Structures are given as structure tokens and as C-alpha cells.
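Okay, here's what each chain looks like letter by letter:
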Amino acid sequence: MQQGADPVRPEESERVDAVDVIVVGAGFAGLYMLHRLREQGASARVFERGSGIGGTWFWNRYPGARCDVESMEYSYQFSEELQQEWEWTERYATQPEILRYAEHVAERFDLMRDIQLETSVVSATWDEAASRWEIRTDRGDRVSARFCVLATGCLSSTNHPAFEGAERFRGDTYHTGRWPHEGVDFTGKRVGVIGTGSSAIQSIPHIAAQAEHLFVFQRTPNYSIPANNHPLDPEFQRRIKAEYPAFRARNRAMPAGLDTHPNDESVLAVSAERREEVFESRWEHGGLPFMGAFNDLGTSHEANELAKDFLHRKIRALVDDPATADLLCPDQEVGCKRICVDTGYFETFNRENVRLVDVRTAPIEEITETGLRTADASYELDAIVYATGFDAMTGAILGIDIRGQGGESLRDAWSAGPRTYLGLQSAGFPNLFTVTGPGSPSVLSNMIPSIEQHVEWIADCIAYLDAHGHESIEAELPAQDAWVDHVNEVASATIYLGCNSWYLGANVPGKPRVFMPYIGFPTYVAKCEEVVSKGYEGFQLT
Ligand code: FAD
Ligand code: N01
């Protein structure tokens, strides 16, 4: 908890019966939403499940957790004073530094007095007669609000595979997305990490350096580009700050709202020497800009094959044991699953105390009292780390029992996959907004600019309704259907549908296979603005 703040503790809080807006979640989305609403004179209250604010950066405290968008870009731009005064220390900020930043924002804008921590929203019910939402929490709060904003996060509902016998394990169990605040000492322990996504790839080198022995249970290998992290040069930071608004504007206009230095050449049109030179320089530069190496890696299978070949060669050069290197080479196309960014991940498999276990050919069959059994072997473990990710994009939203017009449940409305108009609203659920909801660029963009764009759109919308005497706003079904079709059509022209990613819900058994984010920042921003300029086209204002 940041110093000087004055958090509302559940036991101290008075029951609030009526506010203009209830915001669920106090990550970067909820914090900025609260600030904007207050600025325009609305009363708002935020409920947050955690015992602190910061969302992702509050929960994901595993060793090695850090951002893979560069610090100068992964931060708010709504306040020039804020972006001038905050000093980042590294090219990619660590989790503790980002959490300190979130706490600084909360303190600076005096947000804590409207945030109730350790409180989960369990239901939200639309009262048609009153045109208001009734929100209930696990603490017994009952609040009536004109609007409800779900700032519940795309990656906040942790995924726990239902392994047979999991509860019998007598050792310690951790999930990367719910890491203990006091940290974990793995010294002298036999540790098993399940999963090889971004969280695993960041934490494995740290756990390996501490544990007596580490088993990495891999179902699908992933591509990872070295971070090449380094302390931030003060002169570089000063130069960016001298023109911060222009820097932000430039990046907002880029694909994904991120400066990946996009190269507008087709990899298929250049010579083999040029191809190698560009890939090599991207590898050296490090991080997500690898995907900007050529303009067709995300759309052409043939082009992607060349990136794949380059990265397979890199993995084989880094990993000494050829059989382990083979296992670490992904089959899927580069970027189909979210690309990872690492520091020493592949090299970790050269350590004597680390072993890669392929659980694709021999799946995990059960967790035992003393470890884990796959289809062909047993492993004795003192600790199991679930790096098994999230019920992404819809998990946190559908964790709340939401009832809209006519008592319709959102869980039913989304039973075949999420359906939204612009990722902002769902038909049948008036005055309910989602920040970075499914159907918006969200996880396929630098998320803080995406969050700011949504928060500003929602705040402006509420101000517009007030100014024009409208009681409610609701997405129209035809507009929503057309938007969902458009989201799918855009995705089908890319490489994204060809693998089992969490973008498709494929990591959670039984989840409908639907591509959830929208590929198209920044054209998406223009579309949102156009809708407003046409009097909220596709929405019904009552
Ligand atoms: P969150 O930060 O997830 O906050 C949502 C909050 O809502 C949570 O605190 C949760 O407890 C709360 N909540 C949910 N349901 C309820 C409920 N029913 N009642 C009460 N509270 C509730 N994005 C990038 O752009 N770049 C990166 O480099 C990057 N790195 C990441 C690294 C990790 C480890 C993870 C998990 C994600 C990363 N992301 C990154 C995505 C990241 O989630 C976003 O950038 C951003 O932090 C999301 O902010 P948010 O406020 O929308 O959601
Ligand atoms: O989760 P993931 P994550 N048996 O879903 C495996 C962001 N993020 O927490 O691929 C065996 O990617 C699963 O296997 P498979 C970023 O957007 C960013 O790592 O489904 N294995 C996979 O290997 C990221 O994409 C950073 O076959 C099982 C792993 O668990 C997102 O958050 C850091 C299994 C889960 O990987 C999620 O990342 C961290 C089973 N039953 C997170 N079930 C940055 O670096 C699942 N797995 C910025």
C-alpha cells in the first residue's frame, strides 16, 4: 500500500446506496476511469478484489515478472505532469516498479478514498423500471448505480487446469498470477513448473538459479525474443520527455499503438541476405519489435515460415542438447500465440539442474501426494508452480452474475463466445461498459493507450447522455452482429486462427473457440470516433 493514501477498508466503509457509476477493478483501467469520472463531477465507487490496487501488477509477483512494452510507452499519457515527473529506471520495468507507479498515480490523484479493497462484485442486475444497476458484493454491499463499468482485466482470472488429485499434493503449490507477497525461496527444492507461456518463460531462469532441481512441463513450446533489457539512459529519457506528447501521438498511430519500428518490406520480396540481416538486427534489438521486421509476418503463411526458420535456428544455437532444442522449437506460426520476451530462457536448459519434460506426447495424468505423474513417468516434487495462464478476456466478466434486460444473463448471451459492439457494450445490457472488452484491440495492443482510449470514450459518452437528457445507452443488435462478423473476418485473413491460443479460448477446456480480440489498432480508434460523430451510431439512446 502506498504511503499517504487513505484507503477505504471494507470494515470501515459506510454502505453506499447510490452513486452515478460503479467501477469494478482497480488496475490501470479502473484507476483512470475513477479519475475521469470524478473530473466531470460524477460520483463513483470502485470495488477491487485485491488487498491493493494495480491489478496485473498487484497479483503477478513471480520472480522475473516485468513488462515487455518499453517503460517510456507502458504508462499513462493523460497527464503531462505525471508523465514528466515519473522516472523509469530500466528499458523494461519490473513488476515492483510498475506497481509503485500505479500506487503513485492513486496517491497523486487522491483515488483511494473511493476504492474499496478486498471486495469482489458478485452480481449486477439491471432494474428496468429505475434504469439503474444494482450491484452486490461478497461483503454484503448493495449499491444502486446508473452505470456500471467493468474494468475487470483481460488477464486477471487465473486458469487452474483440473488435474486429477491436485488437492492431494503435500508440497507447496503456487500460481504465477497469484504469487505470495512475501516471495518464495526455492533453495534446496525440487520444483515443477507447468506451462511455457510468458509467465513461465520469465520465471523459469530465476527459479532454476535457486532450486535444487527444476522440471519444466511443456505442452506447447513458444517463441521468445531476448529482451536485451538495460538500465534506461537518463539522456534518452530526457529526450523523450522533451517531446512526450508528440512521441505518444506517433506511437498511437502505429499498429498495436506500439513503436515496433515497422518495416514496410515483404519478407518474400527481399534477398536471402537482406532477410537474414533484418531478422538478425531485430533479434539483437530485442523484444516485440521482432514482429515488425517485415510487413507480412502476420498475414502470409509463406512469410511466417521464414521467421519460423530463423527462430528455430536461434533456439538450436542457444540450447546445447539437440533433443531438448528440438522440443523447444514451436510448430505454430510466429505470433499465433502471443510472442514472449525473455532474459536467458533458452540458455536455462543448458543447466545441469534443469530438465524439459514433454507433456504433449505424454500428458500429465495426475498430481500425486509427492509430485506428478505423466503418461510415462513419475516426478518427485517439493513444489509445483502453475504457470498455466488465464481464462482470458471473458473469465473475470463472466465471474460476475450479470443480468440485463428481461433478466437475461450475460453468461447465456455469451454462451457461444463473447458478443459485443466495439468491445464496449453488449446488446441487452444498457449502461454497462467493458474497458478493453472482447471485440476491442485490448491484448493485441499496448494496453495502457487502449485503456485510456476506452476510458475516455466511456466518460465522454456518460457526459453526452447527461448533457442531452438521455437515461441510457445500449448497443443495437444489428450493429453488434455486424461488428462480431467484422472481428472474425479480419482475424480470418491472418495467421491467428491456426493454433491453440488463449486469444481463441483454447487453453480452457470447454470454452467456445472464438477469436476474442480485434486486430486493428489504430483504425479501431477512428471507428469509435466516427460512431460518436454520427450520434452514437449503432447504439440506442433512450
Ligand atoms: P487488471 O490489471 O487485470 O485489473 C483488473 C482488476 O479487477 C484486478 O485487480 C482484479 O482483482 C479486479 N477484479 C476482477 N473481477 C473483479 C470482481 N468481480 N470484483 C472486484 N474486483 C475484480 N500489457 C501490455 O500492454 N504490455 C505488457 O508488457 C504486459 N505485461 C503483462 C504481464 C503480465 C504478467 C500480465 C498478466 C499481463 C500483462 N499485460 C501487459 C496485460 C495487462 O493485464 C494490462 O497491460 C493492464 O495491466 C490491464 O489493466 P486492467 O486495469 O485492464 O486490468
Ligand atoms: O499464460 P499462457 P501466461 N497441461 O496461457 C500451459 C501476458 N503476460 O500467464 O500452450 C499442460 O500464455 C499452456 O500450454 P498450451 C501475455 O499477454 C505477459 O504465461 O495451452 N500445460 C501454456 O504453456 C501472455 O500471453 C508477460 O499448450 C498447460 C501455459 O500453461 C498472457 O499474459 C508476462 C495446461 C500458459 O501460458 C498469459 O501468459 C506474463 C495443461 N492442462 C504474462 N493448461 C510479459 O512478458 C495450460 N498449460 C509482458
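Note that the structure is predicted; figures quoted are calculated from it, not measured.

A.B. asks: Quick question: what am I supposed to make of the sheet that holds strand S13 (residues 364-367) here?
C.D. replies: The pairing of strands in a sheet happens through backbone hydrogen bonds and is either parallel or antiparallel. The 3 strands lie next to each other as S13-S14-S15, forming an open sheet whose pairing is antiparallel. Only two strands of the sheet have a single partner each, and these edge strands are S13 and strand S15 (378-380). When strand polarity is set aside, the average angle formed by the axes of neighbouring strands in this sheet is 20 degrees.

A.B. asks: Looking at this structure, how should I read the site of ligand 2?
C.D. replies: Residues in close proximity to ligand 2 total 23 residues, the closest being Ser199, Arg219, Thr220, Lys337 and Arg338. Here an oxygen atom of ligand 2 sits 2.6 Å away from a polar atom, N or O, in the side chain of serine 199. The backbone of alanine 387 places a nitrogen or oxygen atom 3.3 Å from an oxygen atom of ligand 2. Relative to its free-state accessible area of 900 Å², ligand 2 is covered by the protein chains to the extent of 89%. Take the shell around ligand 2: its biggest share by element is 3 residues, from helix H5 (residues 198-210). Of the residues that constitute the shell around ligand 2, the class distribution is 9 nonpolar, 9 polar and 5 charged.

A.B. asks: Would you take a moment to explain the confidence of the model for the protein for this structure?
C.D. replies: If pLDDT is low for a region, its predicted coordinates should not be looked at in detail. When pLDDT is averaged across the protein, the result is 96; 97% of the residues are at 70 or more. The low-confidence segment residues 1-14, where pLDDT is below 50, has 34 contacts with residues more than four positions distant or belonging to other chains.

A.B. asks: Please clarify how the packing of helix H8 (residues 272-285) against helix H9 (residues 301-318) should be interpreted in this entry.
C.D. replies: Two measures define how a pair of helices packs: the angle their axes make with one another and the distance between the axes. In the contact formed by H8 and H9, the axes pass within 11 Å of each other and the chain directions differ by 55 degrees. When the interaxial angle is binned, H8 and H9 end up oblique. As for the relative orientation of H8 and H9, their crossing is right-handed in sense. Two secondary-structure elements touch here, H8 through Arg275, Glu276, Phe279, Glu280 and Trp283 and H9 through Leu306, Ala307, Phe310, Leu311, Arg313, Lys314 and Leu318. Tallied by class, residues from the contact of H8 with H9 come to 7 nonpolar, no polar and 5 charged.

About the thresholds
- Residues numbered from 1 in each chain as written.
- Chains lettered and ligands numbered in written order.
- Predicted model: local features only at pLDDT ≥ 70, side-chain atom pairs only at ≥ 80, totals over all residues.
- Heavy atoms only, no water.
- Pairing = 2+ DSSP bridges.
- Helix = DSSP H or I, 4+ residues; strand = E, 2+ residues; numbered from the N terminus.
- Axes fitted to C-alpha atoms, helices over the stretch in contact; angles between N-to-C directions.
- Near = heavy atom within 4 Å.
- Polar contact = N/O pair within 3.5 Å; in protein donor to acceptor, adjacent residues only side chain to side chain.
- Areas by Shrake-Rupley, 256 points an atom, 1.4 Å probe, with all protein chains shown as cover.
- Nonpolar A, V, L, I, M, F, W, Y, C, P; charged D, E, K, R; others polar.
- pLDDT = per-residue confidence, 0-100.
- Contact = heavy atoms within 4.5 Å.
- Parallel < 35°, antiparallel > 145°, perpendicular 65-115°, else oblique.
- Left-handed = near helix turned anticlockwise from the far one by under 90°.

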